[in-house]
Amino acid sequence: KAIFVNTMCFTLTLGTLQAFIILSSEAKGIELGQFFFTIFAATLIVFRVGVGRRADRWPRRPLIVASACATLAGLVIIALASSIAILFTGTFVYALGFAYLPTTLSALLLDHTPESDRGAALGIFMAVFDVGIGLGSLALGPLADLWNYTTMYLACAAIGLLGLLFFLFLTARSRCGEGA
């Protein structure tokens, strides 16, 4: 449960960003918000190449916490961005965290899944991943209409933080993710 809830909460942040980054940038008078996608993709590609090795050498739980914190920091920077430089910095920090988060969460999932159930577990993981992305705009979009994009992104970060706290609470009792 800890892995799936954390995945849902963080992919919800990605879905929200994907749906609203251009509109939120334009609302703040920031041109070129569409480069979020280029910076995000390039950062993921560069850092995911080495993620597998790190996820196997470092204890999973601390790596999950560090990458979740980077993702949340990036989201807050994006929420508060007042210029293209700050938006791009937030995008890079967000993507850096997100490069490690799903990879390490899925590795942790496999650590605690019998070999005969790994395909099913990964299938559920990917379904949760996709549902989180899909729910992002549906669940958080009304907040942008009600208040503004900054508030929507900060609420999104709060959801991610709650997912991380849930993960920490459940894994602290089971020592899940302490070793590689």
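Refer to the structure printed above.
Definitions and limits used
Along each chain, the written sequence defines residue order, and numbers are assigned to residues from 1. Local features in this predicted model are restricted to residues of pLDDT 70 or higher, and side-chain atom pairs are both shown and tallied only at a pLDDT of 80 or more, whereas totals for entire chains, interfaces and linings draw on every residue. Only hydrogens and water are set aside when side-chain values are computed; all heavy atoms of the structure are taken into account. Helix and strand definitions follow DSSP, with helices as H or I runs of at least four residues and strands as E runs of at least two, each counted in order from the N terminus. As a reference, a globule follows 2.2 Å times the number of residues to the power 0.38, and the radius of gyration itself is taken over C-alpha atoms. Throughout this description, buried means an accessible area under 20% of the type-specific maximum (1.4 Å probe, protein chains only), exposed means over 50%, and partly exposed covers the range between. We call two residues in contact when some of their heavy atoms are within 4.5 Å. Methods summary: accessible areas were calculated by the Shrake-Rupley approach with a probe of 1.4 Å, and residue burial reflects only the protein chains presented. Nine residue types can take part in a nonpolar core, namely buried Ala, Val, Leu, Ile, Met, Phe, Trp, Tyr and Cys, and a core is a set of them joined through side-chain atoms within 4.5 Å. Each polar contact in these results corresponds to two N or O atoms within 3.5 Å; when the atoms are within protein, one needs to be able to donate a hydrogen and the other to accept it, and residues that are neighboring in sequence are counted only if both atoms are side-chain atoms. A pocket, in this scheme, is an open set of points on a 1 Å grid over the protein atoms alone with protein on both sides within 12 Å along at least 5 of 7 lines, while a cavity is a set where a 1.4 Å probe fits but cannot get out; residues line either one if an atom lies within 4 Å of a point. Grid points are joined across faces, edges and corners, and a volume is the space filled by probe spheres set on the points. Under the grouping applied here, Gly and all other residues not named as nonpolar or charged are polar, the nonpolar ones being Ala, Val, Leu, Ile, Met, Phe, Trp, Tyr, Cys and Pro and the charged ones Asp, Glu, Lys and Arg.

Asker: Account for the overall build of the chain, with residues named and values stated.
Answerer: Check the secondary structure of the chain and you find 6 helices and 0 strands. Counting helices and strands in the order they occur from the N terminus, the chain gives α-α-α-α-α-α. Its C-alpha radius of gyration of 16 Å places the chain within 12% of the 16 Å reference for a compact globule of 180 residues. Projected onto its principal axes, the C-alpha positions of the chain cover 50 × 30 × 25 Å. Expressed as a percentage of its 180 residues, the buried residues of the chain come to 44%. The contacts of the chain with a sequence gap of at least 6 include a subset with a gap of at least 24, amounting to 81%. For the chain, the computed accessible surface area is about 8500 Å², with 68% contributed by carbon and sulfur atoms.

Asker: Let's hear about the nonpolar core: which residues, and what values?
Answerer: Leu-17, Phe-40, Ile-78, Tyr-94, Phe-98, Tyr-153 and Phe-167 are the most contacted members of the largest nonpolar core, which has 43 residues in total. Every element with two or more residues in this core is listed here: helix 1 (2–27), helix 2 (35–57), helix 3 (60–80), helix 4 (84–111), helix 5 (118–146) and helix 6 (149–174). Element by element, the count of residues in this core is highest for helix 4, at 10 residues. For Phe-40, the residues in contact, after removing those within four places along its chain, are Leu-14, Thr-91, Tyr-94, Ala-95 and Phe-98.

Asker: So, the side chain of Thr-11: which residues are in play, and what are the values?
Answerer: Mapped onto the elements of the fold, Thr-11 is located in helix 1. There is a polar contact of 3.3 Å between the side chain of Thr-11 and the backbone oxygen of Met-8. If we skip the residues at most four places from it in the chain, Thr-11 touches Phe-98, Val-128, Phe-129, Gly-132 and Ile-133.

Asker: Describe the environment of Arg-54, listing the residues and the values that go with them.
Answerer: Secondary-structure assignment places Arg-54 in helix 2. Judged by its relative accessible area of 27%, Arg-54 falls in the partly exposed class. The spacing of Arg-54 and Tyr-100 is 46 residues in sequence and 8.9 Å in space, taken between C-alpha atoms. Residue contacts for Arg-54: discarding those within four places in its chain leaves Leu-63 and Tyr-100.

Asker: Tell me about empty space enclosed by the protein, residues and numbers included.
Answerer: Evaluated as defined, the whole model comprises 1 cavity of 30 Å³ or more. Approximately 30 Å³ is the volume found for the largest cavity. Forming the boundary of the largest cavity are Ile-21, Ser-24, Ser-25, Lys-28, Ile-30, Ile-78, Leu-87 and Tyr-153. The biggest single contributor to the lining of the largest cavity is helix 1, with 3 residues. Here the residues of the lining of the largest cavity sort into 5 nonpolar, 2 polar and 1 charged.

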